[in-house]
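Structure assessment
Residue strings, one per chain:
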Amino acid sequence: MICVPIVEESVEKALISAERALEVADIVEFRVDYFKEIREEDIVEIAKYPSIITIRAHWEGGKYRGSDDKRIELYKVAIENNVRYIDVELKEKRNRELVDFRDNVNSKTKIVISYHNFKETPSYNKLLDIVNKELQIGDIGKFATMVNNNRDILNVLRVIQEFEGKVIGIGMGKKGKLTRILGTYFGSILTFASMENKSSAPGQIDVEMLKEIYRLISES
Ligand SMILES: O=C1C[C@@](O)(C(=O)O)C[C@@H](O)[C@@H]1O
């Protein structure tokens, strides 16, 4: 699956962008932390789309600087409205609360527990440990780490393969592009691709270019 992150500052612009993205991608990620104003009714609206709702905390590289109580409440609105996925950080102390809430309200939402490292890719064993911890909490483990060399590329792909079908693994940066292409072949549930030069992280490949690469790989 290809996921296009939506990084608009208003729900109106985000919905227009999502409609365009879903013509070329399988799913979108609403980066709600980019919204200038976040209202519960906006979460209800975006939850109707095949999407991941992410309200990325500033301490994990995102733009959300509001209260944690509000962030958790907004995630609960997304869960109550059966959004396909929410993404919440491994470092978020209340992530289990969201899993328990999902179970209590019988929501269909799948909960992604994520880890980001914008400086480096931890060792293979450290990454294994991170994903194991994520899967002890949520439904899907996720890591996005800065790739600095070929060993990092191999470690990202090895960890993806280790958790095939239960993980989203991303190598960030220029050197991480190979993992954005190959990750889904090794078992990553999805990969992220940008649209109209709007990306949410370093190294994202344009969605049309990525689809052409996949076409060439499938033909060869
Ligand atoms: O965690 C991820 C992966 C990502 O950081 C990337 O590198 O494509 C993009 C983010 O929007 C998303 O939440």
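Look up a bit, the structure's there.
The structure reproduced in this document is the subject of the present report.

Definitions and cut-offs
Residues numbered from 1 in each chain as written. Predicted model: local features only at pLDDT ≥ 70, side-chain atom pairs only at ≥ 80, totals over all residues. Heavy atoms only, no water. Helix = DSSP H or I, 4+ residues; strand = E, 2+ residues; numbered from the N terminus. Buried < 20%, exposed > 50% of the residue type's maximum accessible area, 1.4 Å probe, protein only. Contact = heavy atoms within 4.5 Å. Areas by Shrake-Rupley, 256 points an atom, 1.4 Å probe, with all protein chains shown as cover. Lys, Arg positive; Asp, Glu negative; His and termini not counted. Charge placed at Lys NZ, Arg CZ, Asp CG, Glu CD. Axes fitted to C-alpha atoms, helices over the stretch in contact; angles between N-to-C directions. Parallel < 35°, antiparallel > 145°, perpendicular 65-115°, else oblique. Left-handed = near helix turned anticlockwise from the far one by under 90°. Core = buried A, V, L, I, M, F, W, Y, C linked by side-chain atoms within 4.5 Å. Polar contact = N/O pair within 3.5 Å; in protein donor to acceptor, adjacent residues only side chain to side chain. Phe/Tyr/Trp six-rings, centres within 6.5 Å; stacked < 30°, edge-to-face > 60°. Lys NZ or Arg CZ within 6 Å of the ring centre and 35° of its normal.

Attention now moves to the overall build of the protein. Broken down by element type, the protein carries eight helices and nine strands. For the protein, the spread of C-alpha atoms along the principal axes amounts to about 45 × 35 × 30 Å. Relative to its 220 residues, the protein shows a buried fraction of 56%. Nonlocal contacts in the protein, meaning residues at least 24 apart in sequence, comprise 65% of its contacts between residues at least 6 apart. Carbon and sulfur atoms make up 48% of the accessible area of the protein, which totals about 10,300 Å². The positive charge centre, built from 34 side chains, and the negative charge centre, built from 36, are 5 Å apart in the protein.

Turning our attention to the packing of helix H3 (residues 68-80) against helix H4 (residues 95-104). Here H3 crosses H4 at 30 degrees, and the two axes come no closer than 10 Å. Of the possible angle classes, the one that applies to H3 and H4 is roughly parallel. Note on packing geometry: the crossing formed by H3 with H4 is right-handed. Facing H3, whose interface residues are Ile72, Tyr75, Lys76, Ile79 and Glu80, H4 presents Glu97, Leu98, Phe101 and Arg102.

With that settled, the discussion passes to the nonpolar core. Among the nonpolar cores identified, the biggest contains 43 residues, and Phe30, Val32, Ile43 and Ile53 are the most heavily contacted of them. When residues in this core are grouped by element, the largest group, six residues, is from H3. With residues near it in sequence (within four places) discarded, phenylalanine 30 still touches Ile6, Ala14, Leu15, Ala18, Ile46, Tyr49, Ser51, Ile52, Ile53 and Thr54.

Looking now at the side chain of glutamate 8. If you trace the backbone, glutamate 8 turns up in the loop between strand S1 (2-6) and helix H1 (11-21). A distance of 2.7 Å separates a polar atom in the side chain of glutamate 8 from a polar atom in the side chain of lysine 198. Filtering out sequence-adjacent residues up to four positions away, glutamate 8 remains in contact with Lys13, Ala14, Ser17, Tyr34, Phe35 and Lys198.

With that settled, the discussion passes to the packing of aromatic side chains. Applying the stated criterion across every chain, the model contains two aromatic pairs. Centroid distance phenylalanine 30 to tyrosine 49: 6.0 Å. Interplanar angle 80 degrees. Geometry classified as edge-to-face. Note that phenylalanine 30 is positioned in strand S2 (residues 27-31) and tyrosine 49 in the loop between helix H2 (40-46) and strand S3 (51-54), a separation of 19 residues in sequence. Per residue, the accessibility class of phenylalanine 30 equals that of tyrosine 49, and both read buried. Aromatic side chains tyrosine 185 and tyrosine 214 sit 5.7 Å apart centroid to centroid with 65 degrees between the ring planes, which places their arrangement in the edge-to-face category. In this pair, tyrosine 185 sits in the loop between helix H7 (177-182) and strand S8 (191-194) while tyrosine 214 sits in helix H8 (residues 207-219), placing the two residues 29 residues apart along the sequence. Sitting over the face of the ring of tyrosine 34, lysine 63 holds its NZ or CZ atom 5.1 Å from the ring centroid. Sitting over the face of the ring of tyrosine 124, arginine 158 holds its NZ or CZ atom 3.7 Å from the ring centroid.

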